[in-house]
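Each chain, written out:
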Amino acid sequence: MTVNLRVSLTILSLGFGIEGGGELYAFLSHGSYRPGINLLFFVPVAVTLAGLLFVWIGQHEWNELHRDRVRTAHRVFALSLLGGVVAGAIVTILWLEPAWGTPSWAQISFGVAAGSLVLGTFVTYALLVFHLVARPSKAALLASIAWAFLVAGLIGNALGLHLGEIVALAAQRSATVPQFLGPVSSLSSYLFVSYFLLLAGYLEAHRTVARGPTAEPAPAVLA
């Protein structure tokens, strides 16, 4: 039985469809619809945690290769969450030491940390099913990571440039929507490409899991 694996794939696939659809609508609406910071950071993290939970529970439902992939995916996701922790720590330090201002090292570090949080989730998604799909879907998964890397770099750069405003908002404990969120949301809308590429790969993974471990494709290494 592969109940837990299929639940995990279903949760993640639905997440890709919802987030990809939201980002596509934001892209087509030319900024009139902005998913905001929740869809950029918090919703992907929540969906990933739910998917990883079920796939971890269902590790025994597949073979040793799958268990190795699950462990690796968990490590990658943990590292991406560490990026979020680092970004939060930088904001906290600058808030506690206002005399420092926003030095270039802090802007660069904050941008890299925030970008790694975005990129890490896509690498995690691809790792979970890379061994379950054939070459065309493997190419789609790799393309989703490459595109996410580009967009995450742009998002990280944009957030780094506005680090001073982020620290000021933290100091004021303001709940207002910052002006720079609009351009960041516009950049994140391009992630619809990665989400739909992942969805295509996961649809094949669904079929592979439904057929059972004996139909699993030959192992491949994801660089």
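Refer to the preceding data block for the structure.
Please read these numbers as outputs of a predicted model, since none were measured by experiment. (Residues numbered from 1 in each chain as written. Predicted model: local features only at pLDDT ≥ 70, side-chain atom pairs only at ≥ 80, totals over all residues. Heavy atoms only, no water.)

Undergrad: What's the story with the overall build of the chain in this structure? I'm lost.
TA: For the chain, the count of helices and strands is eight helices and zero strands. Expressed as a percentage of its 223 residues, the buried residues of the chain come to 47%. Within the chain, contacts between residues at least 6 apart in sequence are counted, and of these 81% link residues at least 24 apart. Summed over its atoms, the accessible surface of the chain is roughly 10,700 Å², and 70% of this surface lies on carbon and sulfur atoms. (Helix = DSSP H or I, 4+ residues; strand = E, 2+ residues; numbered from the N terminus. Buried < 20%, exposed > 50% of the residue type's maximum accessible area, 1.4 Å probe, protein only. Contact = heavy atoms within 4.5 Å. Areas by Shrake-Rupley, 256 points an atom, 1.4 Å probe, with all protein chains shown as cover.)

Undergrad: I keep staring at the nonpolar core and nothing clicks. Help me out?
TA: Proteins that are soluble and globular tend to have nonpolar side chains buried together. Grouped together as the largest cluster of nonpolar side chains are 46 residues, with contacts concentrated most on F110, F122, V129, L159, L163, L191 and Y202. For this core, the secondary-structure elements that each account for two or more residues are α1 (3-28), α2 (36-57), α3 (64-96), α4 (104-129), α5 (135-161), α6 (163-172) and α8 (192-211). Of the residues forming this core, the biggest block, 12 residues, is contributed by α4. Among all residues touching Y202, those that are not within four sequence positions of it are L9, L12, S13, F16, Y125, L128 and V129. (Core = buried A, V, L, I, M, F, W, Y, C linked by side-chain atoms within 4.5 Å.)

Undergrad: Teacher, can you tell me more about α8 here?
TA: Structural remark: α-helix, 3.6 residues per turn; residues separated by three or four positions point the same way. In this model, α8 (20 residues) spans 29 Å end to end at C-alpha, consistent with the 28 Å of a helix rising 1.5 Å per residue. Within α8 the residues assigned to the buried category are F192, S194, Y195, L198, G201, Y202, E204, A205, T208 and V209. (Expected span 1.5 Å × (residues − 1).)

Undergrad: What am I meant to see in α4 here?
TA: With 26 residues, α4 extends 38 Å between its outermost C-alpha atoms, agreeing within 8% with the 38 Å of an ideal straight helix rising 1.5 Å per residue. Residue L117 marks the point of greatest curvature in α4, where the axis turns by about 25°. (Bend = angle between axes of the 7 residues up to and from the residue.)

Undergrad: Looking at this structure, how should I read the side chain of S144?
TA: Within the secondary structure, S144 is located in helix α5. Given a relative accessible area of 0%, S144 falls into the buried group. Leave out the neighbours within four places in its chain, and S144 touches S194, L197 and L198.

Undergrad: Sorry if this is basic, but what is going on with the side chain of S29 here?
TA: Relative to the helices and strands, S29 resides in the loop between α1 and α2. At 3.1 Å, the side chain of S29 and the backbone oxygen of A26 are in polar contact. (Polar contact = N/O pair within 3.5 Å; in protein donor to acceptor, adjacent residues only side chain to side chain.)

Undergrad: Please clarify how the packing of α1 against α8 should be interpreted in this entry.
TA: When two helices pack together, their arrangement is given by the angle between the helix axes and by the axis-to-axis distance. In the contact formed by α1 and α8, the axes pass within 8 Å of each other and the chain directions differ by 160°. Here α1 is positioned roughly antiparallel relative to α8, judged by the angle of their axes. At the point where α1 passes α8, the crossing takes the left-handed sense. Among the residues forming the contact of α1 with α8, the class breakdown is 15 nonpolar, six polar and three charged. (Axes fitted to C-alpha atoms, helices over the stretch in contact; angles between N-to-C directions. Parallel < 35°, antiparallel > 145°, perpendicular 65-115°, else oblique. Left-handed = near helix turned anticlockwise from the far one by under 90°. Nonpolar A, V, L, I, M, F, W, Y, C, P; charged D, E, K, R; others polar.)

Undergrad: I tried to follow the packing of aromatic side chains on my own but got confused; where do I start?
TA: Each aromatic ring pair is summarised here by two numbers: the centre-to-centre distance and the angle between the ring planes. Overall, the coordinates contain eight aromatic pairs when judged by the stated rule. Aromatic side chains F16 and Y125 sit 4.7 Å apart centroid to centroid with 70° between the ring planes, which places their arrangement in the edge-to-face category. One end of the pair, F16, is in helix α1; the other, Y125, is in helix α4, with 109 residues separating them in the sequence. Given the relative accessible area of 0%, F16 is considered buried. For Y125, a relative accessible area of 1% corresponds to the buried category. Look at F16 and Y195: their rings are 6.4 Å apart centre to centre, the planes differ by 35°, and that puts the pair in the tilted class. (Phe/Tyr/Trp six-rings, centres within 6.5 Å; stacked < 30°, edge-to-face > 60°.)

Undergrad: I would appreciate a short explanation of the packing of α5 against helix α7 (residues 181-188) in the present structure.
TA: Packing of α5 against α7 leaves a shortest axis separation of 9 Å and a crossing angle of 175°. Between α5 and α7, the interaxial angle falls into the category roughly antiparallel. Taking contact as the criterion, the partners of V151, L154, I155, A158 and L159 in α5 are, on α7, V184, L187 and S188. Split into classes, the residues belonging to the contact of α5 with α7 amount to seven nonpolar, one polar and no charged.

Treat this as a map of the structure, not an account of what it does.
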